[in-house]
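Listed below are the residues making up each chain.
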Protein chains: 2
Amino acid sequence: MERTFAFLGPRGTNTEEAARLIFQEKGNRFLPYRTIPDCLEAAAAGKVDYAVVPWENSLEGSVNLTLDWIIHKIDLPILSELIMPISHHLVSAKREEPLALSQVTKVLSHPQAVAQCHSYLHEHLPHAEIEYVSSTAEAARLVSERFEEPWVAISAMQAVHVYPVTLIAENIEDTENNFTRFIVLGKKPLPFPESEKYKTTILVTLPSDFPGALHQVLSAFAWRRLNLSRIESRPTKTGLGNYYFVIDIEQKMDDVLLPGAFAEMEALGCQVRFLGTYPVFVKERNGARISLR
Amino acid sequence: MERTFAFLGPRGTNTEEAARLIFQEKGNRFLPYRTIPDCLEAAAAGKVDYAVVPWENSLEGSVNLTLDWIIHKIDLPILSELIMPISHHLVSAKREEPLALSQVTKVLSHPQAVAQCHSYLHEHLPHAEIEYVSSTAEAARLVSERFEEPWVAISAMQAVHVYPVTLIAENIEDTENNFTRFIVLGKKPLPFPESEKYKTTILVTLPSDFPGALHQVLSAFAWRRLNLSRIESRPTKTGLGNYYFVIDIEQKMDDVLLPGAFAEMEALGCQVRFLGTYPVFVKERNGARISLR
């Protein structure tokens, strides 16, 4: 069965790699969209079956645009999550003689990728000029187009499959602690195999002027021994100091514990919105495949 | 006594207006810096006495760059907070004949400001092209420089004091719920008058693998009836799922309650870092002065 996926483009991004890792069946089609809202709106409007967007990064934190769009604009359940290590690679245009680092005059990439390769650039390319562009994939595209220039890009591995560029150096990032969580959203359920690890995500609005309300909400989870892996506050946009809380619970939706906790929170005057219960996929660093855990 | 303040530039920004509102004594000097890290580093290195930077906005949420720099890079206490309503205004270059809206061919501003004036632009300037620039102040500067063009900028009121531009329309924002919290940081204490409202901000690191740890932390505040106005999680950058929590407590540091809560949290294995205890200033919408409350 053919399925279509919107991903945060352009082609050659980490999000494309994530989408293709989770959905390897033949016949799937992956369509780049220019922005996170564009991806989510395409899935909400039925132009594609599913959207794949970044959700949280271990260095940069939550992706607020994804959070805000899911909270305020669309009503699509989260169907799965993929945790993927983020690596950066140095690429140049394909050429007859490989480009030596000493020849390089310019490094192109997204500001975050440049910052995350600071030590490598300082050691190996101190003489090169840095040029910031809108994505690591755009950097690879520009380098491949201006193939006569001694330029390099810092890119995702996916860019090598998409643009006529060649790898010069692999894994040039300063830290191995760089992971991104991607989520898949869509109206139709997806037939995933059983996983060892599930999450349930909810959005909670506290009653106003309620001292200690968040404490009471957390009590509803704590005495049931439900573990929370993330609590993120986002503004309701109704005034300074009013927040939604996005809460990840480390288990699948069940018939007893979670409905009980949600009912208790509602009795306290909170609003609870269910955002999804879904399996978690993990790609290990240097692993070729993903695993369920 | 002359004091120097670094603010997030360029000249004519909301941050400059905030800095000048809090510190109206003669002889104070206000210096624009290009980025939030540049402001904070200038104060940390003693190049200026104080830094004034945005901290949280009611529509966009916390300013992650400010949070991360305070957490990871510098050790400067927060000395005060100013809550300021954010308004947007339409300005053109000064000209002999005032520019009519029907003549306008282009609107320049920061993407956030454009988004926040969507209804006004849709109604009054549907024919005009939109051009995004790096700040609302930069938009005013460009419009004043290209004075022969029928262009307008969406800017802060401060831009009118700084660039040769004139107001065409005031308060064109879609919502009145737009407020920004600015904070002042520096090594030397500032002699503020007594305020009715104080806050204390701390940074808490939870022990790893500690289910319900955040619930226990909040218990330490709840049973003392200490109200929290904000809990913000930021990544520790050591791996996905490890967070700091920035917590605002709605009272001044005291000798009994807060030290007791901090000691309890440390006994549970948390690390607690004190970021400051400080008075809160508020500028009312359409008010000319700020008040303590």
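Residues numbered from 1 in each chain as written. Chains lettered and ligands numbered in written order. Predicted model: local features only at pLDDT ≥ 70, side-chain atom pairs only at ≥ 80, totals over all residues. Heavy atoms only, no water.

For chain A, the name recorded in an unreviewed UniProt entry is Prephenate dehydratase, with Aneurinibacillus thermoaerophilus as its organism. Here chain A is described in UniProt, under the heading Catalytic activity (unreviewed entry), as follows: "prephenate + H(+) = 3-phenylpyruvate + CO2 + H2O". (UniProt positions renumbered as here; feature names shortened; annotations may be inferred.)

Enquirer: Before we go on, may I ask you to explain the sheet that holds strand E6 (residues 89-93) of chain B in this structure?
Expert: Residues and elements named next belong to chain B. One open sheet accounts for five strands, arranged E8-E7-E9-E6-E10; its pairing is mixed. The sheet is open, and its two edges are formed by strand E8 (129-132) and strand E10 (165-169), each paired on a single side. If you compare each strand with its neighbour and ignore which way they point, the axes differ by 35° on average. Examined bridge by bridge, strand E7 (residues 106-109) and strand E9 (residues 151-155) share three bridges and lie parallel to one another. Paired with Lys106 across the two strands is Trp151, which belongs to E9. Its contacts with the sheet put helix H6 (residues 136-145) on E6, E7, E9 and E10, and the angle it makes with E9 is roughly 155°. (Pairing = 2+ DSSP bridges. Helix = DSSP H or I, 4+ residues; strand = E, 2+ residues; numbered from the N terminus. Axes fitted to C-alpha atoms, helices over the stretch in contact; angles between N-to-C directions. Contact = heavy atoms within 4.5 Å.)

Enquirer: I would appreciate a short explanation of the sheet that holds strand E10 (residues 165-169) of chain A in the present structure.
Expert: Sheet strands line up and pair through hydrogen bonds in the backbone, either parallel or antiparallel. Residue and element names in this part refer to chain A. Here five strands make up an open sheet; going across it, the order is E8-E7-E9-E6-E10 and the pairing mixed. Bordering the open sheet on either side are strand E8 (129-132) and E10, each of which pairs with just one other strand. Averaged over neighbouring strand pairs, the angle between their axes works out to 35° when direction is ignored. Here helix H6 (residues 136-145) sits on the sheet in contact with strand E6 (89-93), strand E7 (106-109), strand E9 (151-155) and E10, set at roughly 155° to E9.

Enquirer: For this particular structure, what's the right way to read the pairing of strand E11 (residues 179-186) of chain A?
Expert: Consecutive side chains of a regular strand alternate in pointing toward one face of the sheet and then the other. Residues and elements named next belong to chain A. Among the eight residues in E11, seven count as buried, and that is most of the element. Sheet topology note: the strand E3 (residues 50-57)/E11 ladder contains seven bridges and is antiparallel. Residue Glu56 lies in a different strand from E11, and its bridge partner there is Arg181. Where strand E5 (residues 78-85) meets E11, seven bridges bridge the pair, whose relative direction is antiparallel. Paired with Leu82 across the two strands is Phe182, which belongs to E11. (Buried < 20%, exposed > 50% of the residue type's maximum accessible area, 1.4 Å probe, protein only.)

Enquirer: When you look at unusual backbone geometry in this model, what are you seeing that I'm missing?
Expert: Residue and element names in this part refer to chain A. Following Gly9, the chain continues to Pro10 via a peptide bond in cis, the omega torsion being 5°. Phi angles above zero are rare outside glycine, and Lys237 is one such case at about 75°. Using a relative accessible area of 28% as the deciding quantity, one classes Lys237 as partly exposed.

Enquirer: Even after reading the chapter, I still don't get the packing of helix H8 (residues 213-222) of chain A against helix H8 (residues 213-222) of chain B, so can you show me in this structure?
Expert: In a packed pair of helices, the relevant descriptors are the angle between the two axes and the axis-to-axis distance. Here H8 of chain A crosses H8 of chain B at 140°, and the two axes come no closer than 9 Å. Compared by their axis directions, H8 of chain A and H8 of chain B come out oblique. By crossing handedness, the relation of H8 of chain A to H8 of chain B is classed as left-handed. Facing Leu214, His215, Leu218, Ser219 and Ala222 of chain A of H8 of chain A, the residues of H8 of chain B in contact are Leu214, His215, Leu218, Ser219 and Ala222 of chain B. Class assignment of the residues belonging to the contact of H8 of chain A with H8 of chain B gives a composition of six nonpolar, four polar and no charged. (Parallel < 35°, antiparallel > 145°, perpendicular 65-115°, else oblique. Left-handed = near helix turned anticlockwise from the far one by under 90°. Nonpolar A, V, L, I, M, F, W, Y, C, P; charged D, E, K, R; others polar.)

Enquirer: Just checking my understanding: could you explain the nonpolar core for this structure?
Expert: One broad rule of soluble globular proteins: the nonpolar side chains tend to lie buried together. Among the nonpolar cores identified, the biggest contains 38 residues, and Phe221 of chain A together with Phe221 of chain B are the most heavily contacted of them. Those elements that provide at least two residues to this core are strand E12 (198-205), H8, strand E14 (243-249) and helix H9 (257-267) of chain A together with strand E12 (198-205), H8, strand E14 (243-249) and helix H9 (257-267) of chain B. Leu8, Cys39, Val48 and Leu67 of chain A belong to the second largest nonpolar core, which has 26 residues in total. (Core = buried A, V, L, I, M, F, W, Y, C linked by side-chain atoms within 4.5 Å.)

Enquirer: I'm lost on the relation of the copies chain B and chain A in this one. Help?
Expert: Mapping between the two chain copies consists of a rotation about an axis together with a translation along that axis. Once chain B has been moved 0.0 Å along the axis and rotated by 180°, it coincides with chain A to within an RMSD of 0.0 Å. Accordingly, the operation relating the two chain copies is best matched by a two-fold axis. A share of 100% of the interface residues of chain B reappears at the interface of chain A, consistent with the copies meeting face to face through the same patch. (Least-squares fit on C-alpha atoms with pLDDT ≥ 70 in both.)

Enquirer: Looking at this structure, I do not really get the interface of chain B and chain A. What am I missing?
Expert: Accessible area lost during the coming together of the parts is what is often quoted as the interface size. Facing 32 residues of chain B, the contacting portion of chain A comprises 32 residues. Linking chain B with chain A are 13 residue pairs in polar contact (both at pLDDT 80 or more), by the criterion used here. Looking at the side of chain B that touches chain A, the elements that each hand over two or more residues are strand E3 (50-57), strand E11 (179-186), H8, strand E13 (228-235) and E14 of chain B. At seven residues, E13 of chain B tops the list of elements feeding residues into the side of chain B that touches chain A. Here the side of chain B that touches chain A is composed, by residue class, of twelve nonpolar, 13 polar and seven charged. (Polar contact = N/O pair within 3.5 Å; in protein donor to acceptor, adjacent residues only side chain to side chain.)

Enquirer: How should I be thinking about the domain arrangement of chain A in this particular structure?
Expert: Each domain of chain A was delimited in the assignment, giving domain 1 (1-86 + 178-188), domain 2 (89-169) and domain 3 (195-279 + 289-293). The straight-line distance from the C-alpha centre of domain 2 of chain A to that of domain 3 of chain A is 42 Å. (Domains from an automatic or database assignment.)

Enquirer: Just to check I follow, could you spell out the side chain of Ser109 of chain A for this structure?
Expert: Mapped onto the secondary structure, Ser109 of chain A falls in strand E7. If we ignore the near neighbours within four places in the chain, the residues touching Ser109 of chain A are Val114, Glu131, Tyr132, Val133, Thr136, Ala139 and Ile154 of chain A.

Enquirer: Whenever I open this one, the UniProt feature "domain: Prephenate dehydratase" (unreviewed entry) in chain A confuses me. Can you help?
Expert: The positions UniProt marks with the feature "domain: Prephenate dehydratase" (unreviewed entry) are residues 4-187 of chain A. In residues 4-187 of chain A, the share of helix is 30% and the share of strand is 32%. The end C-alpha atoms are 12 Å apart.

Enquirer: I'm lost on the environment of Pro126 of chain A in this one. Help?
Expert: The residue Pro126 of chain A is located in the loop between helix H5 (118-124) and E8 in this model. Using a relative accessible area of 57% as the deciding quantity, one classes Pro126 of chain A as exposed.

Enquirer: Where do I start with the UniProt feature "site: Essential for prephenate dehydratase activity" (unreviewed entry) in chain A in this structure?
Expert: Residue and element names in this part refer to chain A. Mapped onto the present numbering, the UniProt feature "site: Essential for prephenate dehydratase activity" (unreviewed entry) falls at Thr180. The topology assignment puts Thr180 in strand E11. Classification of Thr180 by relative accessible area gives buried; the value is 8%. In this view, Thr180 contacts Pro54, Glu56, Asn57, Leu82, Ile83, Met84 and Ile86; residues no more than four positions away in its chain are not counted. Within the local environment of Thr180, its side chain forms a polar contact with the side chain of Asn57, the two groups lying 2.8 Å apart.

Enquirer: I'm lost on the pattern of salt bridges in this one. Help?
Expert: Where side chains of opposite charge bring their charged atoms close, a pairing between them can arise. In total, this model carries 44 salt bridges over all chains according to the counting rule given. Within the structure, one salt-bridge network assembled from shared partners comprises Glu56, Glu81, Arg181, Lys199, Arg230 and Asp248 of chain A. (Salt bridge = Lys/Arg side-chain N within 4 Å of Asp/Glu carboxyl O.)

Enquirer: Is there a simple way to explain the side chain of Glu81 of chain A in this structure?
Expert: All names here are of chain A. Tracing the sequence through the fold places Glu81 in strand E5. At 2.4 Å, the side chain of Glu81 and the side chain of Arg181 are in polar contact. Only 2.9 Å separates the side chain of Glu81 from the side chain of Lys199, close enough to count as a polar contact.

Enquirer: Would you mind going over the packing of helix H2 (residues 36-44) of chain B against helix H3 (residues 64-72) of chain B with me for this structure?
Expert: Residues and elements named next belong to chain B. Orientation of H2 relative to H3, taken along the N-to-C sense of each, is 35°, at an axis distance of 9 Å. You can see that H2 and H3 cross each other, and the crossing is right-handed. Residue-level inspection shows Ile36, Pro37, Leu40 and Glu41 of H2 in contact with H3, the latter providing Leu65, Thr66, Trp69 and Ile70. Here the contact of H2 with H3 is built from residues that sort into six nonpolar, one polar and one charged.

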